[in-house]
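Next come the chains, spelled out residue by residue.
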Amino acid sequence: MTGAASPSVTHPPRNLATVSFPLPSTLTPSKLGRFVNCPLAFRYSYIEHLPEPASIYQLRGTLVHVVLQQLFAEVTPCERTPERARAILEAAWPAFRSDDEFLALELDEAATASFLREIHSLLARYFALEDPTQVRPVGVELDLHAEVDGIDLHGIIDRLDHLPDGRFVLVDYKTGRSPRAERSRSRLTGVQFYALLCERVLGVRPSEVRLMYLGDQVVVVDEPTDQSMRGLRQRATAVWAAIERACATEDFRPNPSPLCKTCAFRGTCPAVAAESNLVGAAR
Ligand code: SF4
(Lines give C-alpha, C1' and ligand atoms only; values in the text may rest on other atoms or scores of the structure.)
Protein backbone atom coordinates (compact mmCIF):
# COMPACT_ATOMS: atom_id res chain seq x y z
CA MET A 1 0.00 0.00 0.00
CA THR A 2 1.30 3.49 -0.79
CA GLY A 3 0.54 6.56 1.27
CA ALA A 4 -1.42 6.69 4.52
CA ALA A 5 -4.93 5.38 4.38
CA SER A 6 -7.61 7.39 6.12
CA PRO A 7 -9.67 5.32 8.47
CA SER A 8 -13.18 4.94 7.17
CA VAL A 9 -15.57 6.38 9.68
CA THR A 10 -19.17 5.43 10.05
CA HIS A 11 -21.08 8.03 11.91
CA PRO A 12 -22.52 6.97 15.23
CA PRO A 13 -26.19 6.14 15.17
CA ARG A 14 -28.60 8.69 16.55
CA ASN A 15 -29.96 7.78 19.88
CA LEU A 16 -31.90 10.92 20.62
CA ALA A 17 -35.63 11.03 20.06
CA THR A 18 -35.69 14.37 18.30
CA VAL A 19 -35.57 14.92 14.56
CA SER A 20 -32.54 17.17 14.83
CA PHE A 21 -30.20 17.65 17.76
CA PRO A 22 -31.14 20.35 20.24
CA LEU A 23 -28.86 23.37 20.33
CA PRO A 24 -27.07 23.99 23.60
CA SER A 25 -28.54 27.04 25.32
CA THR A 26 -25.22 28.88 25.70
CA LEU A 27 -21.77 29.19 24.18
CA THR A 28 -18.82 29.02 26.59
CA PRO A 29 -15.09 29.03 25.87
CA SER A 30 -15.02 25.28 26.60
CA LYS A 31 -17.84 24.53 24.17
CA LEU A 32 -16.25 26.69 21.50
CA GLY A 33 -12.89 24.97 21.91
CA ARG A 34 -14.48 21.51 22.04
CA PHE A 35 -16.41 22.01 18.81
CA VAL A 36 -13.40 23.41 16.98
CA ASN A 37 -11.20 20.54 18.16
CA CYS A 38 -13.70 17.76 17.53
CA PRO A 39 -17.40 18.20 16.66
CA LEU A 40 -18.15 14.61 17.70
CA ALA A 41 -16.66 15.09 21.17
CA PHE A 42 -18.78 18.25 21.41
CA ARG A 43 -21.89 16.26 20.57
CA TYR A 44 -21.11 13.55 23.12
CA SER A 45 -20.38 16.09 25.83
CA TYR A 46 -22.80 18.97 25.36
CA ILE A 47 -25.72 17.42 23.50
CA GLU A 48 -25.86 13.81 24.61
CA HIS A 49 -24.29 14.54 28.01
CA LEU A 50 -22.44 11.23 28.06
CA PRO A 51 -20.58 10.60 31.32
CA GLU A 52 -17.17 12.23 31.21
CA PRO A 53 -15.13 11.26 34.27
CA ALA A 54 -12.86 14.04 35.49
CA SER A 55 -9.17 13.40 34.96
CA ILE A 56 -6.58 13.76 37.68
CA TYR A 57 -5.41 16.96 35.95
CA GLN A 58 -8.91 18.43 35.98
CA LEU A 59 -9.37 17.61 39.66
CA ARG A 60 -6.00 19.13 40.46
CA GLY A 61 -7.21 22.30 38.76
CA THR A 62 -10.50 22.21 40.63
CA LEU A 63 -8.85 21.99 44.05
CA VAL A 64 -6.32 24.75 43.33
CA HIS A 65 -9.16 26.98 42.11
CA VAL A 66 -11.15 26.27 45.28
CA VAL A 67 -8.22 27.35 47.47
CA LEU A 68 -7.44 30.49 45.48
CA GLN A 69 -11.12 31.41 45.27
CA GLN A 70 -11.43 31.26 49.06
CA LEU A 71 -8.14 33.06 49.55
CA PHE A 72 -9.48 36.07 47.67
CA ALA A 73 -13.16 35.91 48.57
CA GLU A 74 -12.95 35.17 52.29
CA VAL A 75 -9.59 36.43 53.55
CA THR A 76 -8.46 40.01 54.12
CA PRO A 77 -5.55 41.08 51.89
CA CYS A 78 -2.86 41.07 54.60
CA GLU A 79 -3.81 37.51 55.62
CA ARG A 80 -3.38 36.05 52.12
CA THR A 81 -0.24 34.15 53.03
CA PRO A 82 1.05 30.70 52.04
CA GLU A 83 0.19 29.50 55.56
CA ARG A 84 -3.40 30.66 55.13
CA ALA A 85 -3.63 28.96 51.73
CA ARG A 86 -2.36 25.72 53.32
CA ALA A 87 -4.99 26.05 56.05
CA ILE A 88 -7.73 26.49 53.42
CA LEU A 89 -6.43 23.43 51.58
CA GLU A 90 -6.36 21.35 54.76
CA ALA A 91 -9.95 22.38 55.55
CA ALA A 92 -11.17 21.57 52.02
CA TRP A 93 -9.25 18.29 51.63
CA PRO A 94 -11.43 15.82 53.63
CA ALA A 95 -14.59 16.65 51.65
CA PHE A 96 -12.67 16.75 48.37
CA ARG A 97 -11.01 13.36 48.84
CA SER A 98 -14.32 11.69 49.69
CA ASP A 99 -16.15 13.20 46.72
CA ASP A 100 -17.33 10.69 44.08
CA GLU A 101 -15.32 12.34 41.31
CA PHE A 102 -12.09 11.98 43.27
CA LEU A 103 -12.93 8.45 44.44
CA ALA A 104 -13.52 7.49 40.80
CA LEU A 105 -9.80 8.03 40.17
CA GLU A 106 -9.18 5.03 42.44
CA LEU A 107 -5.87 6.40 43.69
CA ASP A 108 -4.08 4.35 46.34
CA GLU A 109 -2.59 5.97 49.44
CA ALA A 110 0.72 6.76 47.75
CA ALA A 111 -0.95 8.29 44.68
CA THR A 112 -3.31 10.29 46.90
CA ALA A 113 -0.36 11.65 48.88
CA SER A 114 1.36 12.54 45.62
CA PHE A 115 -1.80 14.33 44.41
CA LEU A 116 -1.86 16.40 47.60
CA ARG A 117 1.87 17.17 47.34
CA GLU A 118 1.30 18.43 43.80
CA ILE A 119 -1.46 20.78 45.04
CA HIS A 120 0.91 22.17 47.69
CA SER A 121 3.55 22.62 45.03
CA LEU A 122 1.17 24.41 42.64
CA LEU A 123 0.11 26.77 45.41
CA ALA A 124 3.75 27.48 46.27
CA ARG A 125 4.34 28.31 42.60
CA TYR A 126 1.33 30.61 42.66
CA PHE A 127 2.88 32.59 45.55
CA ALA A 128 6.11 32.86 43.57
CA LEU A 129 4.19 34.48 40.70
CA GLU A 130 2.37 37.22 42.57
CA ASP A 131 1.87 38.69 46.02
CA PRO A 132 -1.83 38.30 46.78
CA THR A 133 -1.64 40.79 49.67
CA GLN A 134 -1.25 43.48 47.01
CA VAL A 135 -4.17 42.32 44.85
CA ARG A 136 -7.56 44.07 45.01
CA PRO A 137 -10.10 41.86 43.27
CA VAL A 138 -13.55 43.22 42.51
CA GLY A 139 -14.81 39.75 41.76
CA VAL A 140 -13.84 36.08 42.00
CA GLU A 141 -15.57 33.23 40.18
CA LEU A 142 -17.71 35.80 38.39
CA ASP A 143 -20.54 34.02 36.59
CA LEU A 144 -21.40 36.17 33.56
CA HIS A 145 -23.95 35.83 30.76
CA ALA A 146 -24.45 38.22 27.85
CA GLU A 147 -26.33 38.06 24.60
CA VAL A 148 -23.95 38.99 21.81
CA ASP A 149 -25.02 38.84 18.17
CA GLY A 150 -27.99 36.70 19.19
CA ILE A 151 -25.85 34.15 21.06
CA ASP A 152 -26.02 33.64 24.83
CA LEU A 153 -22.36 33.78 25.85
CA HIS A 154 -21.51 32.39 29.27
CA GLY A 155 -18.33 32.21 31.26
CA ILE A 156 -17.00 32.03 34.80
CA ILE A 157 -14.11 34.41 35.38
CA ASP A 158 -11.52 33.35 37.96
CA ARG A 159 -10.70 36.88 39.10
CA LEU A 160 -11.15 40.50 38.08
CA ASP A 161 -8.74 42.97 39.68
CA HIS A 162 -9.01 46.73 40.00
CA LEU A 163 -5.60 48.41 39.86
CA PRO A 164 -4.80 51.63 41.78
CA ASP A 165 -4.59 53.51 38.46
CA GLY A 166 -8.21 52.59 37.71
CA ARG A 167 -7.53 49.85 35.17
CA PHE A 168 -9.11 46.38 35.36
CA VAL A 169 -7.17 43.15 34.88
CA LEU A 170 -8.74 39.77 34.22
CA VAL A 171 -6.88 36.77 35.68
CA ASP A 172 -7.29 33.12 34.69
CA TYR A 173 -5.40 30.37 36.59
CA LYS A 174 -4.07 27.37 34.72
CA THR A 175 -2.58 24.47 36.63
CA GLY A 176 -0.80 23.03 33.61
CA ARG A 177 2.26 24.30 31.77
CA SER A 178 2.24 27.18 29.33
CA PRO A 179 1.66 26.21 25.69
CA ARG A 180 4.27 26.52 22.97
CA ALA A 181 4.16 29.82 21.10
CA GLU A 182 2.15 28.45 18.17
CA ARG A 183 -0.65 27.32 20.49
CA SER A 184 -0.71 30.28 22.84
CA ARG A 185 -2.97 32.36 20.51
CA SER A 186 -5.72 29.76 20.69
CA ARG A 187 -5.38 29.58 24.50
CA LEU A 188 -6.00 33.32 24.60
CA THR A 189 -9.42 32.86 22.96
CA GLY A 190 -10.87 31.87 26.34
CA VAL A 191 -9.67 34.96 28.19
CA GLN A 192 -10.61 37.22 25.28
CA PHE A 193 -14.08 35.65 25.52
CA TYR A 194 -14.13 36.58 29.23
CA ALA A 195 -12.98 40.13 28.40
CA LEU A 196 -15.91 40.47 26.00
CA LEU A 197 -18.28 39.28 28.72
CA CYS A 198 -16.85 41.84 31.18
CA GLU A 199 -17.32 44.58 28.63
CA ARG A 200 -20.92 43.58 27.92
CA VAL A 201 -22.07 42.80 31.45
CA LEU A 202 -20.00 45.12 33.64
CA GLY A 203 -19.40 47.90 31.14
CA VAL A 204 -15.60 47.70 31.50
CA ARG A 205 -13.13 46.19 29.10
CA PRO A 206 -10.15 44.84 31.06
CA SER A 207 -7.00 46.60 29.94
CA GLU A 208 -5.15 43.33 30.38
CA VAL A 209 -5.90 39.61 30.50
CA ARG A 210 -3.45 37.35 32.34
CA LEU A 211 -3.12 33.62 32.06
CA MET A 212 -1.17 32.37 35.07
CA TYR A 213 0.38 28.98 34.30
CA LEU A 214 1.28 27.53 37.69
CA GLY A 215 2.78 24.39 36.15
CA ASP A 216 5.86 26.21 34.89
CA GLN A 217 5.34 29.62 36.55
CA VAL A 218 4.70 31.55 33.36
CA VAL A 219 2.31 34.48 33.01
CA VAL A 220 0.98 35.17 29.52
CA VAL A 221 -0.40 38.69 29.13
CA ASP A 222 -2.55 40.08 26.37
CA GLU A 223 -4.35 43.38 25.86
CA PRO A 224 -7.89 43.23 24.52
CA THR A 225 -8.38 45.74 21.70
CA ASP A 226 -11.26 46.77 19.45
CA GLN A 227 -9.76 44.47 16.85
CA SER A 228 -9.40 41.45 19.15
CA MET A 229 -12.94 41.92 20.50
CA ARG A 230 -14.25 42.11 16.93
CA GLY A 231 -12.24 39.02 16.01
CA LEU A 232 -13.61 37.12 19.00
CA ARG A 233 -17.19 38.04 18.09
CA GLN A 234 -16.64 36.90 14.51
CA ARG A 235 -15.16 33.63 15.72
CA ALA A 236 -18.00 33.03 18.19
CA THR A 237 -20.59 33.79 15.50
CA ALA A 238 -18.89 31.50 12.96
CA VAL A 239 -18.54 28.62 15.43
CA TRP A 240 -22.13 29.03 16.63
CA ALA A 241 -23.37 28.95 13.02
CA ALA A 242 -21.37 25.75 12.48
CA ILE A 243 -22.90 24.24 15.64
CA GLU A 244 -26.39 25.18 14.40
CA ARG A 245 -25.67 23.52 11.06
CA ALA A 246 -24.32 20.40 12.73
CA CYS A 247 -27.39 20.17 14.98
CA ALA A 248 -29.78 20.68 12.06
CA THR A 249 -28.06 18.11 9.85
CA GLU A 250 -27.08 15.78 12.71
CA ASP A 251 -23.56 15.84 11.33
CA PHE A 252 -20.86 15.94 14.00
CA ARG A 253 -17.70 14.58 12.46
CA PRO A 254 -14.91 13.12 14.52
CA ASN A 255 -11.63 14.93 14.18
CA PRO A 256 -8.86 12.57 15.28
CA SER A 257 -5.90 14.41 16.76
CA PRO A 258 -3.39 14.01 19.61
CA LEU A 259 -6.27 15.09 21.90
CA CYS A 260 -7.85 11.65 21.34
CA LYS A 261 -5.29 10.22 23.77
CA THR A 262 -7.03 11.90 26.69
CA CYS A 263 -10.58 11.97 25.28
CA ALA A 264 -13.19 10.49 27.62
CA PHE A 265 -15.14 9.18 24.61
CA ARG A 266 -12.46 6.94 23.12
CA GLY A 267 -14.52 3.87 23.95
CA THR A 268 -17.54 5.19 22.02
CA CYS A 269 -15.79 6.96 19.18
CA PRO A 270 -16.10 5.39 15.69
CA ALA A 271 -12.88 7.10 14.54
CA VAL A 272 -10.89 5.33 17.28
CA ALA A 273 -12.58 2.02 16.41
CA ALA A 274 -11.81 2.52 12.71
CA GLU A 275 -8.19 3.35 13.52
CA SER A 276 -7.81 0.19 15.66
CA ASN A 277 -9.36 -1.93 12.90
CA LEU A 278 -6.91 -0.46 10.41
CA VAL A 279 -3.96 -1.18 12.70
CA GLY A 280 -5.29 -4.70 13.37
CA ALA A 281 -5.71 -5.38 9.62
CA ALA A 282 -2.17 -4.20 8.89
CA ARG A 283 -0.67 -6.71 11.35
S1 SF4 B 1 -11.55 10.11 20.50
FE2 SF4 B 1 -10.81 11.80 19.19
S3 SF4 B 1 -12.09 11.77 17.35
FE4 SF4 B 1 -13.13 10.56 18.93
S5 SF4 B 1 -14.53 11.95 19.95
FE6 SF4 B 1 -12.64 11.96 21.13
S7 SF4 B 1 -11.44 13.65 20.28
FE8 SF4 B 1 -13.05 13.19 18.80
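Keep in mind that what you see is a predicted model, and the values were worked out from it rather than measured.

1. As for the pairing of strand S3 (residues 168-174)
- Most of S3 sits out of view: 5 of its 7 residues are buried.
- Bridge count between strand S2 (residues 151-162) and S3: 4 bridges; the pairing is antiparallel. Bridging across to S3, His162 finds its partner in Phe168.
- Hairpin remark: S2 followed by S3, antiparallel, with 5 residues in the connecting loop; positive phi at Gly166, about 95 degrees.
- Both S3 and strand S4 (residues 208-213) contribute to a ladder of 6 bridges, which runs parallel.

2. Quick notes on the site of the ligand
- Neighbouring the ligand are 14 residues, the closest being Cys38, Pro254, Cys260, Cys263 and Cys269.
- Going through the elements one at a time, helix H2 (39-47) and helix H9 (270-282) are the ones with two or more residues in the shell around the ligand.

3. Here we look at the nonpolar core
- Among the nonpolar cores identified, the biggest contains 52 residues, and Val64, Val67, Leu123, Leu170 and Tyr194 are the most heavily contacted of them.
- Here this core gets 8 residues from one element, more than from any other, and that element is helix H7 (residues 181-202).
- A domain split of this core shows at least three residues from each of domain 1 (56-133) and domain 2 (136-235).

4. Details of the confidence of the model for the protein
- With 89% of its residues at a pLDDT of 70 or more, the protein has an overall mean of 90.
- Counting interchain partners and residues more than four positions distant, the pLDDT-below-50 stretch residues 1-17 has 16 contacts.

5. Considering unusual backbone geometry
- Phi is positive for His49, close to 55 degrees, though the residue is something other than glycine.
- On the basis of neighbour count, His49 is assigned to the exposed category, with 8 C-beta atoms found within 10 Å.
- Positive phi is not limited to glycine here, since Asp149 has a value of about 55 degrees.
- Assignment of secondary structure puts Asp149 in the loop between strand S1 (137-148) and S2.
- Under the C-beta neighbour-count criterion, Asp149 is labelled exposed, with 10 such atoms within 10 Å.

6. Some details on H2
- The buried fraction of H2 is high, at 7 of 9 residues.
- The complete set of buried residues in H2 reads Leu40, Ala41, Phe42, Arg43, Tyr44, Ser45 and Tyr46.
- Buried residues belonging to H2 abut helix H1 (29-37).
- Two residues or fewer after H2 comes His49, characterised by a positive phi angle close to 55 degrees.

Conventions we followed
- Residues numbered from 1 in each chain as written.
- Predicted model: local features only at pLDDT ≥ 70, side-chain atom pairs only at ≥ 80, totals over all residues.
- Buried ≥ 20, exposed ≤ 12 C-beta atoms within 10 Å, placed from the backbone.
- Helix = DSSP H or I, 4+ residues; strand = E, 2+ residues; numbered from the N terminus.
- Pairing = 2+ DSSP bridges.
- Near = placed C-beta within 6 Å.
- Core = buried A, V, L, I, M, F, W, Y, C linked by C-beta atoms within 7 Å.
- Domains from an automatic or database assignment.
- pLDDT = per-residue confidence, 0-100.
- Contact = placed C-beta atoms within 7 Å.

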